[in-house]
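Commentary on secondary and tertiary structure
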Amino acid sequence: MSTLVIKDLCAEVEGKPILKGVNLTLSKGETVALLGPNGHGKSTLLNVLMGHPKYKVTKGEVLLDGKNILEMSTDERSKLGLFLGMQNPSEVPGVINSDFLRAAINEHSEKPVSTYQFYKLLDSATKEVKMPFDLATRGLNEGFSGGEKKRNEILQLLLLNPEIAFLDEIDSGLDVDALQIVADVICKLEDKGMGFLVISHYARLYDLIKPTRAVVMINGRIAVDAGPEVAQRIDKQGYEWIKTELGIEVAKEEKDMNTVSIGSCAVKESIK
């Protein structure tokens, strides 16, 4: 069983420390909800795990089955079984979606898939995410709505079938029906043993995918690692209880944390 072990991970962007000693273990077959107020490092953590060049690791290690992924390129981490469903997928004009997907599958396979095999896989996956097949013939995310971009991320997830997937607000931009479709796919992959680390914009997604654990990131560290009921508590009470019960000062934003739900707390603020 694949296990990801994060040890004392510190990282910065443009000289500003964001992650300040993250310790977390995630195994294949687990679904972990990643919570925390705005600007406390949730999205930064996922980007660091996948090797985004904007973020500089200053300390710590990240081991996947004993291998230090911080020494690997992003594509090597992907081939090892990691996947990131992005918060804001980029549009790539001139690159056909289906060509991109086929190239990604081939990079993860011992031998290239035939045209027939690929389109059979693609047809099945697009039906599963209820995405029009013609989107596969367009430029990668070009002209896609926010919801279509997120479904395209889930389409990649289905086709690449990683060991552990990081999902950064995969629910944003989705209407109720699309949210249910995405949640159904995640649940199906959970049943098959895929591991997930999920930042959600709404408590509703957590209700649908039923995390096995919830962790709370405060001030660039994991402050709470407990059962899934923590997500419900934060949705109802906010984060102030972490200060009163655990003695951890929580950097506040404009709103009182006792009145802020998961939805608004989980929105990533741009790093100044």
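Residues numbered from 1 in each chain as written. Predicted model: local features only at pLDDT ≥ 70, side-chain atom pairs only at ≥ 80, totals over all residues. Heavy atoms only, no water.

1. Things to note about the pattern of salt bridges
- Tallying each qualifying case throughout the model produces 12 salt bridges.
- The salt bridge involving Lys28 is made with Glu163; its shortest N-O contact spans 3.1 Å. Separated by 135 residues along the polypeptide, Lys28 in the loop between β2 (16–27) and β3 (31–35) and Glu163 in the loop between α5 (146–160) and β9 (164–168) bring together distant segments of the chain.
- The shortest N-O distance in the salt bridge between Lys79 and Asp75 comes to 3.8 Å. Note that Lys79 and Asp75 are positioned in helix α2 (residues 74–80) at a spacing of 4 residues, about one turn of the helix. (Salt bridge = Lys/Arg side-chain N within 4 Å of Asp/Glu carboxyl O. Helix = DSSP H or I, 4+ residues; strand = E, 2+ residues; numbered from the N terminus.)

2. Comments concerning the nonpolar core
- Grouped together as the largest cluster of nonpolar side chains are 50 residues, with contacts concentrated most on Leu35, Leu155, Leu157, Phe196, Val216 and Ile242.
- The residues touching Leu157, leaving out its near neighbours within four places in the chain, are Phe83, Pro162, Ala165, Leu189, Met194 and Phe196.
- Formed by 31 residues, the second largest nonpolar core is a distinct cluster that contains Val13, Leu26, Leu45 and Leu84. (Core = buried A, V, L, I, M, F, W, Y, C linked by side-chain atoms within 4.5 Å. Buried < 20%, exposed > 50% of the residue type's maximum accessible area, 1.4 Å probe, protein only. Contact = heavy atoms within 4.5 Å.)

3. As for the confidence of the model for the protein
- When the pLDDT values of the protein are averaged, the result is 90; 92% of them are 70 or greater.
- Here helix α10 (residues 262–265) stands out as the element of the protein with the lowest mean pLDDT, 44, in contrast to strand β10 (residues 195–199), whose mean of 98 is the highest.
- Confidence drops under a pLDDT of 50 for residues 254–261, and excluding neighbours within four residues, the segment shows 17 contacts in the predicted structure.
- Counting interchain partners and residues more than four positions distant, the pLDDT-below-50 stretch residues 263–272 has 29 contacts. (pLDDT = per-residue confidence, 0-100.)

4. Description of the layout of surface pockets
- Computed from the structure, the largest pocket encloses a volume of approximately 890 Å³.
- Taken together, 34 residues line the largest pocket, and the ones lying closest to its centre are Met50, Thr74, Leu84, Met86 and Glu153.
- Sorting the residues of the lining of the largest pocket by element identifies α1 (42–49), α2, β6 (82–85), α3 (97–107) and α5 as the ones contributing at least two each.
- Looking at which element gives the most residues to the lining of the largest pocket, the answer is α2, with 4 residues. (1 Å grid on protein atoms, 1.4 Å probe; cavity = no way out; pocket = protein on both sides within 12 Å on 5 of 7 lines; lining within 4 Å. Points joined across faces, edges and corners; volume = space filled by probe spheres on them.)

5. As for the packing of aromatic side chains
- By the definition in use, this model includes 2 aromatic pairs.
- Between Phe118 and Tyr119, the aromatic rings sit 5.1 Å apart at their centres with planes inclined by 75°, giving edge-to-face as the arrangement.
- Residue Phe118 is classed as buried on the basis of its relative accessible area of 1%.
- A centroid spacing of 6.4 Å and a plane angle of 50° characterise the contact between Tyr119 and Phe133, whose relative ring orientation is tilted. A residue pair is termed long-range when its members are at least 10 positions apart, and Tyr119 in helix α4 (residues 115–128) and Phe133 in the loop between α4 and β8 (139–140) qualify at 14 residues. (Phe/Tyr/Trp six-rings, centres within 6.5 Å; stacked < 30°, edge-to-face > 60°.)

6. Observations regarding helix α8 (residues 229–237)
- All of the buried residues in α8 are Val230, Ala231 and Ile234. An end-on view of α8 places all buried positions within 105° of arc, on one side of the element. Exposed and oriented more than 90 degrees from the buried face of α8 are Glu229 and Lys236.
- Just downstream of α8, Gly238 is the residue with a positive phi angle, here 80°. (Arc of directions from axis to C-beta.)

7. Observations concerning the side chain of Glu190
- Relative to the assigned elements, Glu190 resides in helix α6 (residues 176–191).
- Lys210 provides the closest opposite charge to the buried, salt-bridge-free Glu190, at an N-O distance of 8.6 Å.
- Setting aside its immediate chain neighbours within four residues, Glu190 contacts Thr31, Phe196 and Ile209. (Lys, Arg positive; Asp, Glu negative; His and termini not counted.)

8. Concerning the sheet that holds β10
- Across the sheet, 6 strands lie side by side as β6-β9-β10-β3-β11-β12; this open sheet has mixed pairing. Unpaired on one side and paired on the other, β6 and β12 (221–226) mark the two borders of the sheet. Along the sheet, successive strands turn relative to each other by an average axial angle of 20°, direction set aside.
- Here β3 runs beside strand β11 (residues 213–218); their pairing, made up of 4 bridges, is parallel. Following the sheet pairing, Ala33 is matched in β11 by Ala214.
- Lying over the sheet, α5 contacts β6, β9 and β10, oriented at roughly 165° with respect to β6.
- Together, β3, β11 and β12 form the strand contacts of α8, whose direction differs from that of β11 by roughly 50°. (Pairing = 2+ DSSP bridges. Axes fitted to C-alpha atoms, helices over the stretch in contact; angles between N-to-C directions.)

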